[in-house]
Structures are given as C-alpha cells and as structure tokens.
Amino acid sequence: MSQLYKRVAFIGLGLIASSMIHAIRRHGLAAEITGTARSAETRAIAVEDKLCDIVTETAAEAVAGADLVVLCVPIGAMGAVAEEIGPHLAPGATVTDVGSVKRAVIEAVTPHLPAHVHFVPGHPIAGTEHSGPRSGFAELFENRYLLLVPDAGTDRAAVARLRAFWEGMGALVEEMDADHHDLVLVVTSHAPHLIAYTMVGVADDLGRVTDSEVIKYSAAGFRDFTRIAASDPTMWRDVFLNNKEATLEILGRFTEELFALQRAIRTGDGAMLHDYFTRTRAIRRGIVEAGQDTAAPDFGRAAVKGPAE
Ligand SMILES: NC(=O)c1ccc[n+]([C@@H]2O[C@H](COP(=O)([O-])OP(=O)(O)OC[C@H]3O[C@@H](n4cnc5c(N)ncnc54)[C@H](O)[C@@H]3O)[C@@H](O)[C@H]2O)c1
Ligand SMILES: O=C(O)C(=O)C[C@]1(C(=O)O)C=C[C@@H](O)C=C1
C-alpha cells in the first residue's frame, strides 16, 4: 500500500489512535507519525512503546507540518483541542476526528479551523471496552464500517484521500449526513451502552440485598449483555451529553416497548410475548446471516489494559 500522507498527527493516544497507528504502520500508509496526549503517563508510554515517531507535550507542536490531523479525544474535549491547534495547522492539511457523535463535534470544531484546511469528520464503527495507548491493535478496523461525514462544500479530493487511507486499514467506508448518523448510532450503539450500564447498576443494587449472589452466579446472558458496560465513563458521559435529543427520542420508544412487555407479563399475555420474541429473534438472526454481526474479535486483547486514559 502506498503512503497517503507524509505526516499524520494524533491528538489523544487511546484505543482508537493506537489501533490506527498499528494499522498505519502495518500497511505503510504514512511516512511519519506524531502524537500527543493530555496525560504525562500516556505520553511516556507512547515514547517507551515507540508508538509515535515523535511524541510532543502539546497538541500545537504535534500538528506542525502534518498533512493529516486525527482528533482522538473524548467528544467534550474536541472543541478545546481544535482551538489549540487551529493557528498551527499547515495549509492544505486535512483534519478529521473519530468521535462517536458527529453534529456536536462539527459544531465544536469548525469555528476554530482556518479556511486553508479541510475538515472531514469521521467515525469508525469499531471499538472495544478497553481504553488507553496499550489497548489498540492493527486489526480493529478490518471489515468494519467507517462513516465519513463531509458537508456539501468539502473538498472532494481530501475526502477521497481520507477514504483511501481508511480503506488501507481494512475499513468499509461510507458517507452519511451528520444528523442521520447521530440518530442511527443511538439505536445501534449509544442506547445499548446506556441499557447495559443500567443493568449492571440494577444487579449491583440487588447484589447488596443478596450478598453478592448476583455477581457470583452471573450467567452468560448477563456477561454477554453487559460487556460494553466496562467501557470508559468519560467517553460515554460525553456521548450522551452531546447527542441528547436523539438519545431521548430513542429512549422514549424503548421505554414504551418495555412497558408493553411489562404489561404482557403482568396480564399473562403469552401470545404477545411469543409474537414479540419471534419477530425480534428473526431480526437478530437476519443481522447475523447478513454478515453484520461484527462483534469486535478479541485478538487476545481482553487481558490487556492500559492506563485510565
Ligand atoms: N472506544 C470505542 O469503542 C470507540 C469507538 C469509536 C469511536 N470512539 C471515539 O474515539 C474517541 C477516543 O476514544 P478512545 O476509546 O480512543 O478513548 P481512550 O480513553 O482510549 O483515549 C482518549 C485519549 O484522549 C486523551 N484525552 C482525554 N481528554 C483529553 C483532553 N481534554 N485533551 C486532550 N487529550 C485528552 C487521553 O489522554 C487519551 O490519550 C472518542 O471521541 C470516542 O467517542 C471510541
Ligand atoms: O464493541 C464495543 O465495545 C463497542 O462499544 C464499539 C462501539 C459500538 O457500540 O459498536 C462503541 C462506540 C463507537 O462509537 C463505535 C463502536
């Protein structure tokens, strides 16, 4: 694979950045990688592991001379990072991000970018419940969707180059409108995380009553269902605070469905329950058969945990 960028700068060196860096190196997609992270501990790990060619103390230093800048920080930090790097971006550079919410990132970042750069927001639909610079792996994006969210005025050559870059890492690239992205992702990712976090909270409450029997006897269902509740709290706090309307809309629908099931259980309406589970099982099986059941393969990383950020 040919080098698509001369110097790629990463702001934030956690799961997504470190996975991208491993994939970029494996596929020879960039000549040089610079990076920075807020915490000194993460920067020290990046130096020790030779994650980047150059690790800088500030984001402003990291982006100097870069033709691609990738913002890999929590959603709530995107605006401040953009403000810091704005005056230091090279003319013609592309700036992208990997945030799980798109409209809020576009609104936070765009005002700080000079006219001489191209902003092409992005979102890899791939991840794990682990965080930090040692949690990444090169295969993370293989056969996973990568959504690009350019607007009508975005330079098409910059979009095409970024598309080739992600395809070089094995991703399936599609373009999407920001608001549509934010609604779809509530259903496929954000609400499931919230519900998983809630279920663990319920189990914890119950655990206090039953002297930790819930944890002791936690069966496959609970474990499978709540894996994602081990995810980073800062990341998910920021997702929900920055995708409020779509989240509340889908949670409203979820609650209605839950109440309907609750009523069927209370009234002994077995037919309703059976019909509901038959329909939803068919949908879930359809997802598997269509090859969309791309739960992140473990690649032996389950035991690997980096620092908190
Ligand atoms: N984890 C996932 O499954 C996943 C998947 C797709 C997209 N994303 C998105 O990718 C982004 C990064 O997530 P991650 O999982 O790599 O996180 P992570 O916690 O592994 O890494 C975050 C990095 O950002 C840095 N950081 C945190 N706050 C900062 C601040 N205020 N200023 C500068 N740097 C700061 C940390 O030092 C760390 O290096 C998030 O926006 C998230 O929504 C995550
Ligand atoms: O597999 C996981 O652990 C994830 O949570 C990954 C996941 C998802 O929900 O699919 C989480 C957040 C993203 O923005 C993209 C991917």
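Residues numbered from 1 in each chain as written. Chains lettered and ligands numbered in written order. Predicted model: local features only at pLDDT ≥ 70, side-chain atom pairs only at ≥ 80, totals over all residues. Heavy atoms only, no water.

Concerning the sheet that holds strand 2 (residues 30-36)
We count it as follows: Paired strands, in this sense, are two strands between which DSSP finds at least two bridges. Helix and strand definitions follow DSSP, with helices as H or I runs of at least four residues and strands as E runs of at least two, each counted in order from the N terminus. The contact definition used throughout considers only heavy atoms, calling two residues in contact when any of these lie within 4.5 Å. Axis definition: a line fit to C-alpha positions, over the contact stretch in the case of helices; interaxial angles, taken between N-to-C directions, run 0 to 180 degrees.
Pairing is parallel in the open sheet, where six strands are placed in the order 3-2-1-4-5-6. Two strands bound the open sheet, and with one partner strand each, they are strand 3 (54-55) and strand 6 (118-119). The sheet contacts of helix 4 (residues 78-85) involve strand 1 (5-11), strand 4 (68-71) and strand 5 (94-97), and relative to strand 4 the element is tilted by about 155°.

Things to note about the site of ligand 2
As a reminder, the rule being used: Put simply, a residue is near a molecule or strand once any heavy atom of it comes within 4 Å of that molecule or strand. Polar contacts, as used here, are pairs of N or O atoms within 3.5 Å; protein pairs need one atom able to donate a hydrogen and one able to accept it. Residues neighboring in sequence count only if both atoms are side-chain atoms. Computed with a 1.4 Å probe, the accessible areas rest on the Shrake-Rupley method; for each residue, only the protein chains presented here act as cover.
Close to ligand 2 lie 13 residues; Ser100, His123, Ser189, His193 and Arg227 are nearest. One nitrogen or oxygen atom from the side chain of Ser189 is found 2.6 Å from an oxygen atom belonging to ligand 2. In this structure, Arg227 approaches ligand 2 through a side-chain N or O atom, which is 2.9 Å from an oxygen atom. For ligand 2, the accessible surface in isolation is 370 Å², of which the surrounding protein chains cover 88%. Secondary-structure elements contributing two or more residues to the shell around ligand 2 are strand 7 (122-124), helix 7 (178-209) and helix 10 (233-241).

Observations concerning the pairing of strand 2
If a strand is regular, its side chains alternate between the two faces of the sheet. Note the following rule: The buried label applies to any residue whose accessible area, calculated with a 1.4 Å probe on protein chains only, is under 20% of its type's maximum; exposed applies above 50%, and partly exposed to all values in between. If you view a crossover with the strands going away from you and the path from the first strand over the helix to the second runs clockwise, you call it right-handed.
Among the seven residues that make up strand 2, five are buried, leaving the element largely enclosed by the rest of the structure. By the bridge criterion, six bridges tie strand 1 to strand 2 in an arrangement that is parallel. By the bridge assignment for strand 2, Tyr5 is matched with Ala30. Running through helix 1 (residues 15-27), the crossover from strand 1 to the neighbouring parallel element strand 2 is right-handed. Strand direction decides the pairing type here: strand 2 and strand 3, joined by two bridges, are parallel. Across the sheet, Gly35 pairs through a bridge with Val55, a residue of strand 3. Crossover handedness for the path strand 2 to helix 2 (residues 40-48) to strand 3: right-handed.

Looking at the sheet that holds strand 8 (residues 145-148)
If you walk across this open sheet you meet the three strands as 7-8-9, and the pairing is mixed. A strand with exactly one partner marks an edge of an open sheet, and here the two such strands are strand 7 and strand 9 (172-175). Going from strand to strand, the sheet's axes swing by 20° on average, the running direction of each strand aside. One ladder, built from three bridges, connects strand 7 with strand 8; its direction is antiparallel. Its bridge partner being in strand 8, Pro124 is matched across the sheet by Leu146. Sheet strands touched by helix 6 (residues 156-168): strand 7, strand 8 and strand 9. Its angle to strand 9, the strand with the most contacts, is close to 150°.

Brief notes about the site of ligand 1
To be explicit about the condition: Note on residue categories: nonpolar means Ala, Val, Leu, Ile, Met, Phe, Trp, Tyr, Cys or Pro, charged means Asp, Glu, Lys or Arg, and polar means any other residue, Gly included.
Close contacts around ligand 1 come from 26 residues, with Leu13, Leu15, Val73, Ser100 and Gly132 the closest. Leu15 has a polar backbone atom sitting 2.8 Å from an oxygen atom of ligand 1. Measuring from an oxygen atom of ligand 1, one finds a backbone N or O atom of Val73 at 2.7 Å. Compared with its free state, where it exposes 830 Å², ligand 1 has 89% of that area covered by protein. For the shell around ligand 1, the secondary-structure elements that each account for two or more residues are helix 1 and strand 7. Tallied by class, residues from the shell around ligand 1 come to 14 nonpolar, 10 polar and two charged.

With respect to the nonpolar core
A general tendency of soluble globular proteins is for nonpolar side chains to be buried together. So the rule is basically this: For our purposes a nonpolar core is just a set of buried Ala, Val, Leu, Ile, Met, Phe, Trp, Tyr and Cys residues, chained together by side-chain atoms within 4.5 Å.
Grouped together as the largest cluster of nonpolar side chains are 38 residues, with contacts concentrated most on Phe10, Met20, Ile24, Phe141, Phe165, Trp166 and Met169. Only strand 1, helix 1, strand 2, strand 4, strand 8 and helix 6 provide two or more residues apiece to this core. Ranked by residue count, the leading element in this core is helix 1, at seven residues. Leave out the neighbours within four places in its chain, and Trp166 touches Met20, Val98, Pro124, Phe141, Leu146, Ala171 and Val173. Formed by 31 residues, the second largest nonpolar core is a distinct cluster that contains Leu71, Ala93, Val95 and Ala178.

Observations concerning the domain arrangement of the protein chain
To keep things clear, this is the line we draw: Start and end positions for the domains come from either an automated domain assignment or a database one. Throughout, the accessible surface (probe 1.4 Å) given up by two parts as they are put together, summed over both, is called the buried area. A side-chain nitrogen of Lys or Arg and a carboxyl oxygen of Asp or Glu constitute a salt bridge if their distance falls within 4 Å.
Domain annotation of the protein chain identifies domain 1 (5-176) and domain 2 (180-292). Tallying the contact residues gives 17 residues for domain 1 and 16 residues for domain 2. On the domain 1 side of the interface with domain 2, the three residues burying the most area are Val101, Glu129 and Met176, jointly 39% of the side's total. Applying the counting rule to domain 1 against domain 2 returns one salt bridge.

Concerning helix 2
For clarity, the cut-off: Note that the arc is defined by the directions from the helix axis to the C-beta atoms.
Listed as buried for helix 2 are Thr42, Arg43, Ile45 and Ala46. Angularly, the buried residues of helix 2 cover 160° about the axis, an arc narrow enough to put them on a single face. More than 90 degrees from the buried face of helix 2, the exposed residues found are Ala40, Glu41, Val47 and Glu48. As for helix 2, its buried residues are in contact with strand 2 and strand 3. Just downstream of helix 2, Lys50 is the residue with a positive phi angle, here 55°.

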